[in-house]
Amino acid sequence: MSTSQPQSQPPEDRATPDRLLHARTGTDVSPEDLVLASGKDLTPRNLEWAKRKLAAEGPAAMEKLLP
C-alpha cells in the first residue's frame, strides 16, 4: 500500500499561476463589490467612494484591489 500523494497535486513550494488567481466573470463590478473587495464596511460613505472610483477607473478598479 502506497502512502504517497497523487501526482495531480502541485508541490507546496510552487506559486499559483496568475491566470488562476483572477476570478473575473465578465460581469459588471458594482460599488458594493468594490467596497467589499477593499475590506471596508458597506456604508453610504464607502459606497460613494466606490461609485467615484468606478466612474474614474471602470472595472480596472477591482483588478487593482485584488491580487
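Data block above holds the structure.
All figures in this text were calculated on a predicted structure; none of them were measured in a lab.

## Digging into the overall build of the protein
- Tallying secondary structure elements over the protein gives four helices and zero strands in all.
- The burial tally for the protein puts 15% of its 67 residues in the buried class.
- The contacts of the protein with a sequence gap of at least 6 include a subset with a gap of at least 24, amounting to 41%.
- In the form shown here, the protein has an accessible surface area of approximately 5600 Å², with 53% of it arising from carbon and sulfur atoms.

## Some details on the nonpolar core
- Residues Val29, Leu34, Val35, Ala50, Leu54, Ala61 and Met62 constitute the largest nonpolar core, which totals seven residues.
- Taken together, the elements giving at least two residues each to this core come down to α2 (31-37), α3 (44-57) and α4 (60-65).

## Some points on the side chain of Asn46
- Summarising the element assignment, Asn46 is placed in helix α3.
- Here Asp41 takes part through its backbone oxygen, which lies 2.7 Å from a polar atom of the side chain of Asn46.
- With residues up to four places along the chain from it excluded, the contact list for Asn46 reads Val35, Lys40 and Asp41.

## Details of the pattern of salt bridges
- Applying the stated criterion across every chain yields a total of three salt bridges.
- When the shortest N-O distance is used, the salt bridge between Glu57 and Lys53 registers 3.0 Å. Remark: Lys53 and Glu57 occur in helix α3; sequence separation between them is four residues, near one turn of the helix.
- Classification of Glu57 by relative accessible area gives partly exposed; the value is 28%.
- Residues Lys64 and Glu57 are paired through a salt bridge, measuring 3.4 Å at the closest nitrogen-oxygen approach.
- Of the residues examined, Lys64 reaches a relative accessible area of 60% and is grouped as exposed.
- Counted as one network, the salt bridges with shared partners bring together Lys53, Glu57 and Lys64.

Cut-off values and rules
Residues numbered from 1 in each chain as written. Predicted model: local features only at pLDDT ≥ 70, side-chain atom pairs only at ≥ 80, totals over all residues. Heavy atoms only, no water. Helix = DSSP H or I, 4+ residues; strand = E, 2+ residues; numbered from the N terminus. Buried < 20%, exposed > 50% of the residue type's maximum accessible area, 1.4 Å probe, protein only. Contact = heavy atoms within 4.5 Å. Areas by Shrake-Rupley, 256 points an atom, 1.4 Å probe, with all protein chains shown as cover. Core = buried A, V, L, I, M, F, W, Y, C linked by side-chain atoms within 4.5 Å. Polar contact = N/O pair within 3.5 Å; in protein donor to acceptor, adjacent residues only side chain to side chain. Salt bridge = Lys/Arg side-chain N within 4 Å of Asp/Glu carboxyl O.

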